[in-house]
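The lines below spell out each chain.
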Amino acid sequence: MRRFRPRRLRRSELPTGTLQLARFLIGKTLVHDLPEGRISGRIVETEAYPPGDAAGHAFRGQTPRNSSLFLERGHAYVYFAYGVHWLLNVSSELPGVGAGVLLRGLELLEGVDLAQNAYRKTARLCDLARGPGRLTVVMHIDKRYDGVDLCAAGPLWLGTEAWPPKPIGKAVRIGITRDVERRFRFYERGNPCVSGPARLLT
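None of these values were measured; they are calculated from a predicted model.

A. Just the environment of Gly96, in detail. Along the chain, the position of Gly96 falls in the loop between β4 (85-91) and β5 (100-110). For Gly96, a relative accessible area of 54% translates into the label exposed. Counting along the chain gives 34 residues from Gly96 to Gln62, while the straight-line C-alpha distance between them is 8.8 Å.

B. View of the pairing of strand β2 (residues 37-49). Here β2 lies mainly inside the structure; eleven of its 13 residues are buried. Across six bridges, strand β1 (residues 29-34) lies against β2 in antiparallel orientation. Residue pairing across strands places Val31 opposite Ser40, the latter belonging to β2. Where β1 folds back onto β2 in an antiparallel hairpin, the turn is made up of two residues. The pairing of β2 with β5 spans nine bridges and is classified as antiparallel. The partner of Thr46 across the bridge, within β5, is Leu103. Judged from the three bridges that link them, β2 and strand β8 (residues 185-188) form a sheet pairing that is antiparallel. Following the sheet pairing, Thr46 is matched in β8 by Phe186.

C. Structural view of a positive patch on the surface. On the surface, a cluster of positive charge is contributed by Arg23, Lys170, Arg183 and Arg189. For Arg23, the location among the structural elements is in helix α1 (residues 18-24). For Arg23, a relative accessible area of 39% puts it in the partly exposed group.

D. Focus on the pattern of salt bridges. By the definition in use, this model includes 16 salt bridges. In this structure, Arg42 and Glu188 form a salt bridge, with 2.9 Å as the shortest nitrogen-oxygen distance. Separated by 146 residues along the polypeptide, Arg42 in strand β2 and Glu188 in strand β8 bring together distant segments of the chain. Judged on exposure class, the residue Arg42 and its partner Glu188 are both buried. Notably, a salt bridge pairs Lys143 with Asp146, separated by 3.4 Å at the nearest N-O pair. For Lys143, a relative accessible area of 36% gives the class partly exposed.

E. Structural detail: the state of the cysteines. Overall, the coordinates contain one disulfide when judged by the stated rule. In this model Cys126 forms its disulfide with Cys193; the gap between the sulfur atoms is 1.9 Å. In this structure, the disulfide formed by Cys126 and Cys193 twists by about -70° around the S-S bond and is classed as left-handed. Residue Cys126 is found in the loop between α2 (112-118) and α3 (132-138), and its partner Cys193 is found in the segment after β8; the two are separated by 67 residues along the sequence. Residues Cys126 and Cys193 agree in their burial class; the two are buried.

Procedures and definitions
Residues numbered from 1 in each chain as written. Predicted model: local features only at pLDDT ≥ 70, side-chain atom pairs only at ≥ 80, totals over all residues. Heavy atoms only, no water. Helix = DSSP H or I, 4+ residues; strand = E, 2+ residues; numbered from the N terminus. Buried < 20%, exposed > 50% of the residue type's maximum accessible area, 1.4 Å probe, protein only. Pairing = 2+ DSSP bridges. Patch = residues over 30% accessible without salt bridge, like charges linked within 9 Å, V, L, I, M, F, W, Y side chains within 5 Å. Areas by Shrake-Rupley, 256 points an atom, 1.4 Å probe, with all protein chains shown as cover. Salt bridge = Lys/Arg side-chain N within 4 Å of Asp/Glu carboxyl O. Lys, Arg positive; Asp, Glu negative; His and termini not counted. Charge placed at Lys NZ, Arg CZ, Asp CG, Glu CD. Disulfide = S-S within 2.5 Å.

As structure tokens, this is what we get:
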């Protein structure tokens, strides 16, 4: 495990634009400082849901449920999916414009023991945060973090990269029924922590 000290990302460092942010976040870190210790991981997979995307939660306009998607870029949008898992997105546009980036996969760096305690169904390190549902379980993220500013002081935040990412690939998104052909999924090529079937990776 390489040693690193991430710095909290400033909002000015986040590109304005959903596709640009989804690509930018590959290799950056997601950090959660808990009373028991810190859990952190490199972001290795994202999905973009830009303005006007029929697969996005903001497509039909702002509601109390999706209001965090309309905040300035860098805020958390957390929602419950399939009656099973919380999913974490990052708002990605100017205030008032609904769009977001779904975080789909992490390569864990710190707090592996805490992550293993949270998700006991797998023994493989890379499987712990492989997929958006597992990611929130091991990172201890739920509805309490909806609307949190990930660039401000607080326990949950986005950090600088631990090391430069490998080449970044693009593929179709997973688990949607609209705009399915859009290649809006970004991932670090060759990283085993990327989720989904290999046949979808190009």
